[in-house]
Amino acid sequence: MVSALLSCLASGAKEARAFHSGGVGECEGCHSMHNSQSGFPAGGGGAYLLKGGDASSTCLTCHQVAGDTGPASYHISTPNGEMPFGTPPKQLSPGGDFGWLKKTYTWYADVVSPMSTSAGDRHGHNVNAQDFGFQQDGKNLTAPGGAYPSSALSCTSCHDPHGTYRRNQDGTISTSGKPIKESGSYETSSAPDAETSVGSYRMLAGTGYVQPGMTGGLAFSYAPPNAVAPSTYNRSEATSVTRVAYGSGFSDWCRNCHTNIHNGTYSFSHPAAGFASGATTGNLDATMINYYDQYIKTGDLSGTAANAYFSLVPFEVGSQNYGILKSIVTTTPTKGPDLADGTPAVMCLSCHRAHASGWDYGMRWNTKTSQITSNGKYSQETLLYQPFGQGRTEAEALQAYYQTPAVKFDPNQQGLCYKCHATLPQ
Ligand code: HEC
Ligand code: HEC
Ligand code: HEC
Ligand code: HEC
Ligand code: HEC
Ligand code: HEC
């Protein structure tokens, strides 16, 4: 393997326009010959002649950059020194900023309760990146509901660094066949044709994927999901939402590692659609669609379908038709669930972010409180008791809500489960 790598490095890798271009970028972006002695990694360099100390550290050499003034394109993590106490991480991409994993919050809810804690490692996926201070999760030894070991969790657990998964003209996904011409993630991406394919959404890995060094039993069972992101996806949502058109397959994809989550064996049980893994509930019926369209905030049901979409509570369109998905991404304001587009459904990313968030379990909103605002504010930062903001400053909570102004909500806004549910079944 190493000799194959070396000969490729020696012969000069293929040209890359952006870096990955939906497939394998220049080998030299991630692998280095300069760290090696006689073909073996020397001090400082990682295994596989990686540029960083491990796989995730290698990714973060480009994906975490010092000195950003705000959300910046493909950056998905904020350096330690740039998010001091009370100051949130900077990136607002759909997956979320891994910097939240380094933010631990404590607060008192009232005069009788003991101090509460929201530990940093509860805020999402703890990738192991030794050069950047990201450590293994302190609680979960494996993926809850599955066997994937937390000690091996890295960027390349989910993203194939060599971008081999591709979407073909007939909609199938394969790891070989036609060459990958570009990223398949965007509304500006061209369609696969008879000669070429495009990368899977976000270079996510699919069926059969197993990282080197892992045993075969952990190989993925499900394909990469179908989705389209807008080309400007990492931005403040203060005045308009950023809409990824989640198409289909997200819940199945997460079940590659979380096989039995929320299916009744866990404390919190909730449907999440997924054909491949055999889910039978999770579709939004006409009544729920209507409610999603009308719901604006607690006490306000005056919304309309044309601008009902809310990125803090997304849903799956229920379609693999990229023409439809692209048309949805470019619609502003953006519409709610529509039976004409597909079979809309609740999925894992309706509630969670893929990387990390400001709340426990990488949630899109704080599910550990009965109200997400109080007296028109997210935080009670100046008060002794903080049952709602829970130790976050207003600036941090606002960023965790992707800059959605608190005044868009009711002054005493309930949790966002109510975007879909008129009443919550007990
Ligand atoms: C985006 C970063 C990235 C790029 C670009 C990249 N690699 Fe890798 N490569 C990795 C990582 C990370 C590993 C370690 C295994 C893992 O975590 O998946 C790896 C492992 C390998 C391995 C050993 C394991 C295996 O999968 O067989 C070989 C061989 C390899 N790379 C070859 C290449 C070649 C050849 C190129 C250029 C055509 C290339 N890589 C480009 C990140 C990259
Ligand atoms: C040499 C710098 C560099 C390294 C190292 C690097 N990336 Fe990237 N990455 C980029 C750039 C630039 C973009 C945006 C342009 C593009 O998509 O090619 C990007 C985009 C991406 C995207 C979105 C791609 C799409 O088509 O939707 C993913 C996912 C990603 N990187 C994952 C990784 C992972 C995982 C690693 C480590 C294995 C890694 N990157 C290492 C520079 C890098
Ligand atoms: C648990 C799986 C998982 C891990 C671990 C993971 N990603 Fe992702 N990543 C995703 C998914 C899923 C998306 C798509 C999110 C969306 O569109 O809502 C994504 C999106 C992205 C994007 C596009 C921007 C965004 O936030 O949507 C980049 C860049 C990226 N990942 C890089 C990385 C890097 C670098 C690492 C490691 C530091 C990493 N990812 C670790 C699953 C993962
Ligand atoms: C490659 C395997 C893998 C995939 C795919 C994966 N996860 Fe995870 N996930 C893990 C592991 C391992 C942990 C435990 C380590 C941790 O909590 O950081 C975990 C933990 C979690 C947690 C608990 C976080 C916490 O702080 O307690 C949530 C929530 C979660 N995953 C949601 C998702 C969602 C949603 C998806 C799909 C977008 C997904 N996962 C895909 C491996 C995976
Ligand atoms: C309707 C919202 C919702 C949906 C949909 C959802 N989750 Fe969750 N998830 C939650 C909540 C709320 C919690 C916290 C439960 C608790 O406090 O016990 C949670 C917790 C988790 C945890 C951590 C469990 C633990 O014991 O540490 C994982 C892992 C997870 N979810 C994965 C998933 C995956 C994978 C999917 C899709 C198959 C999914 N979730 C769909 C709301 C949701
Ligand atoms: C994106 C829409 C959506 C969101 C957001 C959502 N749900 Fe649901 N929920 C559904 C759907 C769809 C069903 C399945 C309805 C059916 O099949 O009858 C469901 C079913 C339920 C059920 C019945 C469970 C069962 O097994 O039958 C409960 C309880 C529930 N949801 C609680 C919640 C809670 C709590 C939250 C917030 C943490 C939440 N939901 C957020 C769409 C949603």
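Predicted model, so just to flag it, every value in this text is computed and none were measured. (Residues numbered from 1 in each chain as written. Chains lettered and ligands numbered in written order. Predicted model: local features only at pLDDT ≥ 70, side-chain atom pairs only at ≥ 80, totals over all residues. Heavy atoms only, no water.)

Participant: Would you mind showing me how to read the site of ligand 3 here?
Facilitator: Neighbouring ligand 3 are 25 residues; Cys155, Cys158, His159, Tyr246 and His355 lie closest to it. Contact distances for ligand 3 include 2.6 Å between an oxygen atom and a side-chain N or O atom of Tyr201. Secondary-structure elements contributing two or more residues to the shell around ligand 3 are helix 3 (55-63) and helix 4 (155-158). Counting residues per element, the shell around ligand 3 draws most heavily on helix 3, at three residues. (Near = heavy atom within 4 Å. Polar contact = N/O pair within 3.5 Å; in protein donor to acceptor, adjacent residues only side chain to side chain. Helix = DSSP H or I, 4+ residues; strand = E, 2+ residues; numbered from the N terminus.)

Participant: Which parts of the structure should I look at to understand the pattern of salt bridges?
Facilitator: It is possible for side chains bearing opposite charge to pair when their charged atoms get close. Following the criterion strictly, the structure yields nine salt bridges and no others. The partner of Asp360 in a salt bridge is Lys368, and the shortest N-O contact between them spans 3.1 Å. Among the ionic contacts, a cluster of salt bridges with common partners joins Asp121, Arg122 and Asp137. (Salt bridge = Lys/Arg side-chain N within 4 Å of Asp/Glu carboxyl O.)

Participant: Which parts of the structure should I look at to understand the coordination of the iron atom of ligand 4?
Facilitator: Geometry sets the ideal angles at a metal, namely 109.5 degrees for four tetrahedral donors and 90 or 180 degrees for six octahedral donors. Around the iron atom of ligand 4, the donor atoms from the protein are His125 (NE2) and His258 (NE2), and they sit 2.0 Å away. One can describe the site at the iron atom of ligand 4 as octahedral: its six donor atoms subtend angles covering 87 to 179° at the metal. With His125 in the loop between strand 4 (116-118) and helix 4 and His258 in the loop between helix 5 (250-254) and helix 6 (286-294), the pair connects residues that are 133 residues apart, well separated along the chain. (Donors = N, O, S within 2.8 Å, 3.2 Å for Na, K, Ca; no water. Tetrahedral: all angles 85-135°; square planar, octahedral: opposite > 155°, others 65-115°.)

Participant: Mind showing me how you'd approach the coordination of the iron atom of ligand 6 here?
Facilitator: The iron atom of ligand 6 binds to the protein through His270 (NE2) and His421 (NE2); the donor distances cover 1.9 to 2.0 Å. Taken together, the six donor atoms coordinating the iron atom of ligand 6 span angles of 87 to 179° at the metal, a pattern that classifies the geometry as octahedral. Of the two residues, His270 is situated in the loop between helix 5 and helix 6 and His421 in the segment after helix 9 (394-400); the sequence distance between them amounts to 151 residues. Note on His270: relative accessible area 26%, which makes it partly exposed. By relative accessible area, which is 17% here, His421 ends up buried. (Buried < 20%, exposed > 50% of the residue type's maximum accessible area, 1.4 Å probe, protein only.)

Participant: Would you explain the sheet that holds strand 7 (residues 180-182) in this entry?
Facilitator: Whether parallel or antiparallel, the strands of a sheet pair through hydrogen bonds between backbone atoms. Taken in spatial order, the four strands make up an open sheet running 6-5-8-7, and their pairing is mixed. Of all the strands in the sheet, the pair left with one neighbour each is strand 6 (173-174) and strand 7. Pairing of strand 7 with strand 8 (residues 197-199), which is carried by two bridges, proceeds in the parallel orientation. Looking at the pairing, Glu182 lines up with Val198 of strand 8. (Pairing = 2+ DSSP bridges.)

Participant: What should I look at first to understand the packing of aromatic side chains in this one?
Facilitator: One pass over the full model with this rule turns up 14 aromatic pairs. Between Tyr186 and Tyr233, the ring centres sit 6.0 Å apart and the planes meet at 20°, which makes this aromatic pair stacked. Residue Tyr186 is found in the loop between strand 7 and strand 8, and its partner Tyr233 is found in the loop between strand 9 (226-228) and strand 10 (245-248); the two are separated by 47 residues along the sequence. Judged by centre distance (6.1 Å) and plane angle (45°), the rings of Tyr291 and Tyr295 are tilted. Accessibility classification places Tyr291 together with Tyr295 in one group, the buried group. Feature note: the residues Phe310, Trp359, Tyr378, Tyr401 and Phe409 constitute an aromatic cluster, connected by ring pairs. In this structure, Lys102 is placed above the aromatic ring of Phe134, and the distance from its NZ or CZ to the ring centre is 3.8 Å. Positioned above the aromatic ring of Tyr292 is the side chain of Lys419, whose terminal nitrogen or guanidinium carbon lies 4.3 Å from the ring centre. (Phe/Tyr/Trp six-rings, centres within 6.5 Å; stacked < 30°, edge-to-face > 60°. Lys NZ or Arg CZ within 6 Å of the ring centre and 35° of its normal.)

Participant: I tried to follow the nonpolar core on my own but got confused; where do I start?
Facilitator: The nonpolar side chains of a soluble globular protein tend to be buried, and buried together. Of all hydrophobic cores here, the largest spans 62 residues; its most connected members are Phe134, Tyr246 and Leu416. Of all elements in the fold, only strand 3 (105-107), strand 9, strand 10, helix 5, helix 7 (322-329), helix 8 (348-351) and helix 9 reach the threshold of two or more residues within this core. Of all the elements, helix 7 adds the most residues to this core, at four residues. Here Leu416 is in contact with Phe310, Leu312, Val313, Trp365, Ile372 and Phe409, once residues within four sequence places are set aside. (Core = buried A, V, L, I, M, F, W, Y, C linked by side-chain atoms within 4.5 Å. Contact = heavy atoms within 4.5 Å.)

Participant: Before we go on, may I ask you to explain the site of ligand 2 in this structure?
Facilitator: Around ligand 2, the surrounding shell holds 19 residues, and the nearest of these are His20, Cys59, Cys62, His63 and Ser185. Phe19 is positioned with one of its backbone polar atoms (N or O) 3.0 Å from an oxygen atom of ligand 2. Between a nitrogen atom of ligand 2 and a side-chain N or O atom of His63, the distance comes to 2.8 Å. Of all elements in the fold, only helix 2 (27-30), helix 3 and helix 4 reach the threshold of two or more residues within the shell around ligand 2. Ranked by the residues each element gives to the shell around ligand 2, the list is headed by helix 3, at four residues. Taken together, the residues that form the shell around ligand 2 break down as nine nonpolar, nine polar and one charged. (Nonpolar A, V, L, I, M, F, W, Y, C, P; charged D, E, K, R; others polar.)

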